[in-house]
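Close look at the chain arrangement
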There are 2 protein chains.
Amino acid sequence: MTPQPDTDGALARRILISVDAMGGDNGAEAVIAGMAKSAEKNPDIGYILHGPRAELEPLVARTPGLSDRIHAWHDVSEVVTMEDKPSHVVRHGSGTSMWSAIDSVRDGEAKAAVSCGNTGALMAISTIRLRRLPGVNRPAIAILWPSRNPQGFNVMLDVGADVRADARDLLQFALMGASYARNGMNLARPRIGLLNVGTEEHKGRPELKEAHTLIARYAETGRFDFVGFVEGSDLPGATADVIVTDGFTGNVAIKTGEGTATLISDLLREGFQYSFLSRIAALLALPSLNRLKKRIDPRRVNGGVFLGLNGTVVKSHGRADATGVSAAIKLAFQLAQSGFSEKLAARVASVDELAQDGAELPEKAAGTHNEGQE
Amino acid sequence: MTPQPDTDGALARRILISVDAMGGDNGAEAVIAGMAKSAEKNPDIGYILHGPRAELEPLVARTPGLSDRIHAWHDVSEVVTMEDKPSHVVRHGSGTSMWSAIDSVRDGEAKAAVSCGNTGALMAISTIRLRRLPGVNRPAIAILWPSRNPQGFNVMLDVGADVRADARDLLQFALMGASYARNGMNLARPRIGLLNVGTEEHKGRPELKEAHTLIARYAETGRFDFVGFVEGSDLPGATADVIVTDGFTGNVAIKTGEGTATLISDLLREGFQYSFLSRIAALLALPSLNRLKKRIDPRRVNGGVFLGLNGTVVKSHGRADATGVSAAIKLAFQLAQSGFSEKLAARVASVDELAQDGAELPEKAAGTHNEGQE
């Protein structure tokens, strides 16, 4: 808990990323290696590091070029485990590296935070320490998914911040997702799709029909195109750039897609080990397979971004290796550099004002949402 | 509308499948070709054919070996299109081939029905004509999904019969899915998993926690093992044989998985066309790729089975070709031969009696389900 800021003036233009070194499945080693990888590629990244200094210092010392990029150490000994319940961590977790990493963003010491730890705990700590943006009822986690779109990926949210979302929440997800696509993927006018079981307007749950009306109404204000209902097949498709859904459906969808992709890749590997000829084929096919692997490698787009809070938090996959951690750090850096957090806050506020004026918000939706108007 | 039963005594042991020739994306040609394929492989299959006879007869006539397998023709001219709303079809669809195909099962003329048409309409007609089993509140659609299990597939339900399901519905899905796995995959004691966003018992929506308690309680009666909560990644995994979820989540999950698998296969194909060397690699890799393709080819397991009705209905994929249609017919035949419909009815009835006695059903769940006790 003893910050030691590096006050070197020449490094002032660096953007500082707060990194939780602990709590990932591959331990601090993977995190430190990922930090080094990003540092080597990008001279403008600096770090605030959180975790037990006695354990981390030797790791950093034997990683060339990293120690002078660490602008501050927060020597905290406790660690949030994957088994810890979010409610427990919120009450008793103030001495953990995760809590400390979020507080660096809260205190303005760092521009964004990265953690490989327990998703539920990270969302709970982030919500309680950074607080929700005015007008946001439920924060959301947005991820990138390999798609047929020119940019190669689609944004999907929520993928698990909360198991439910009503029409107004889904509208906010649309606004936040559009803002993320603009700043994270340079899409001036992202196309938003609302996930349903069919594209016809009469299909689906009641809250989805209500959300359909709401999102269509805010397309101009939110500077996005609304393509209406989309289906699961559009997540890897080219119909929309941002897919909006509740955190239950989104979480199941991405895990099913991920699991299916892994099954195919494992069966492909088995297939190539089938016979002598197929092993030769595998050798020749290697460049093609590697191109495919690179195109859809989840490590390249590792990072769920927490949207709807006063500050940027990137959740790296728990199983991330150095490449994965580095990708999450890169994403945090990009978002910090673009001033994403401030832009998103302004966007949500402008829509919230409209809603509070009652200018555009349909009565029914406004009526059910007083608790969100804090 | 003029059935012409083939009364040849030697053919009496044939199991008759009612086939809707119309409404699929590839027209009657694909359906007739699929029927011929199944007929050739299996001497015990006979057909009741539904559709405009003037259009179908020439197709059948030029397909060797098929005409003497058609035990009856129902000459109906109207067709349910993919765009028709289920509510419209229920009111005005009695002259369609789909309606006629279901009525063959209702009237005991055929043991099971197969259609490539509009899923919503088929479920609506099936529900209204066959009626739900006593004690079943919501019918469900079950599909097979490629998995790491020894049998190569998992059952998932509901994938889109209804967009919602409460705890008691999910219990019925578990019972019906277990029965399907026993009869369709020869698993004496299937493992049932309840789809959620995490495996810990505190996670997920309230109705899922309630369903968890209910399903665990009925495992012995229903002769299955309950593995508790599973995640999207377990759908292609080896943790459970049957994955239970509501029709909204299930529909999104399978379409995301399907879309992701298709994206990978397209990118793989592009990858192999990249250069001269990669084209040679593709030639050599062909056997391996074909083995993989066969292993996960959705046409081989084509067919969503409607569960919870008085009769067996198999929904073939709308885009099914001859191979796909033949797979759906094979599935319908297997289920008819095993007496699945009767076994399922007995199983559901035995649990419903327990529930009505109040012997095991928790009070809360029983209270919310009076409408299901018809």
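From a predicted model like this one, the values you see are computed outputs, not experimental measurements.

1. A look at the interface of chain A and chain B
Interface extent is often summarised as the accessible area lost during association of the parts. Across the boundary between the two partners, chain A contributes 54 residues, which contact 54 residues of chain B. Between chain A and chain B lies a buried interface of about 4,800 Å² when both sides are counted; carbon and sulfur atoms form 71% of it. When residues of chain A are sorted by the area they lose upon contact with chain B, Arg205, Phe248 and Leu263 of chain A head the list and together hold 13% of the total. Where chain A packs against chain B, one counts 6 salt bridges. When the shortest N-O distance is used, the salt bridge between Arg205 of chain A and Asp246 of chain B registers 3.1 Å. Counting across the interface, chain A meets chain B through 12 residue pairs in polar contact (both at pLDDT 80 or more).

2. Side note on helix α8 (residues 247-272) of chain A
Residue and element names in this part refer to chain A. The terminal C-alpha atoms of α8 lie 37 Å apart, and with 26 residues this matches the ideal 38 Å at 1.5 Å per residue to within 8%. With 20 of 26 residues buried, α8 lies mostly within the body of the structure. Between the side-chain oxygen of the N-cap and the backbone nitrogen of Phe248 there are 3.0 Å, and the N-cap of α8 in question is Asp246.

3. Description of the relation of the copies chain A and chain B
Structural alignment of chain A on chain B gives an RMSD of 0.1 Å, achieved by rotating through 180° and translating 0.0 Å along the axis. The operation mapping one copy onto its partner corresponds to a two-fold rotation axis.

4. Observations concerning the confidence of the model for chain A
Residue and element names in this part refer to chain A. Here chain A averages 86 in pLDDT, and 87% of its residues register 70 or above. Considering only residues more than four positions removed or in separate chains, one finds that residues 1-7, a stretch of pLDDT under 50, has 18 contacts. Confidence over residues 358-374 falls short of pLDDT 50; this stretch has 30 contacts with residues more than four positions distant or in other chains.

5. Points about the sheet that holds strand β7 (residues 191-195) of chain B
Residue and element names in this part refer to chain B. Read across the sheet, 11 strands follow the order β3-β2-β1-β4-β11-β10-β5-β6-β9-β7-β8 without closing on themselves; strand pairing throughout is mixed. Among the strands making up the open sheet, the edge pair consists of β3 (70-75) and β8 (225-230). Put simply, the sheet's adjacent strands are angled 25° from each other on average, direction ignored. Looking at chain direction, strand β1 (residues 15-20) and strand β2 (residues 45-51) are connected through 6 bridges and run parallel. Across the sheet, Ser18 pairs through a bridge with Ile48, a residue of β2.

6. A word on the pairing of strand β7 (residues 191-195) of chain A
Looking along a regular strand, one sees side chains alternate from face to face of the sheet. Residues and elements named next belong to chain A. For β7, a buried count of 4 out of 5 residues is recorded, marking the element as mostly surrounded by other parts of the structure. Inspection of the sheet shows β7 paired to strand β8 (residues 225-230) by 5 bridges, in the parallel sense. Its bridge partner lying in β8, Arg191 is registered against Asp225. Taken together, β7, helix α7 (residues 206-217) and β8 constitute a β-α-β crossover, and its handedness is right-handed. As paired elements, β7 and strand β9 (residues 242-244) share 3 bridges and run parallel to each other. Bridge pairing links Leu194 to Val244 in β9.

7. As for the packing of helix α1 (residues 27-41) of chain B against helix α10 (residues 322-337) of chain B
Residues and elements named next belong to chain B. Where α1 meets α10, the closest approach of the two axes is 7 Å, and the angle between their N-to-C directions is 55°. With respect to each other, α1 and α10 are oriented oblique. By crossing handedness, the relation of α1 to α10 is classed as right-handed. Counted together, Ala30, Val31, Ala33, Gly34, Met35, Lys37, Ser38 and Lys41 of α1 and Ala322, Thr323, Val325, Ser326, Ile329 and Lys330 of α10 form the full contact between these two elements. Of the residues belonging to the contact of α1 with α10, the class tally is 7 nonpolar, 4 polar and 3 charged.

The rules behind each value
Residues numbered from 1 in each chain as written. Chains lettered and ligands numbered in written order. Predicted model: local features only at pLDDT ≥ 70, side-chain atom pairs only at ≥ 80, totals over all residues. Heavy atoms only, no water. Contact = heavy atoms within 4.5 Å. Buried area = accessible area lost by both parts, 1.4 Å probe. Salt bridge = Lys/Arg side-chain N within 4 Å of Asp/Glu carboxyl O. Polar contact = N/O pair within 3.5 Å; in protein donor to acceptor, adjacent residues only side chain to side chain. Helix = DSSP H or I, 4+ residues; strand = E, 2+ residues; numbered from the N terminus. Expected span 1.5 Å × (residues − 1). Buried < 20%, exposed > 50% of the residue type's maximum accessible area, 1.4 Å probe, protein only. Least-squares fit on C-alpha atoms with pLDDT ≥ 70 in both. pLDDT = per-residue confidence, 0-100. Pairing = 2+ DSSP bridges. Axes fitted to C-alpha atoms, helices over the stretch in contact; angles between N-to-C directions. Right-handed = clockwise from strand over helix to strand, strands pointing away. Parallel < 35°, antiparallel > 145°, perpendicular 65-115°, else oblique. Left-handed = near helix turned anticlockwise from the far one by under 90°. Nonpolar A, V, L, I, M, F, W, Y, C, P; charged D, E, K, R; others polar.

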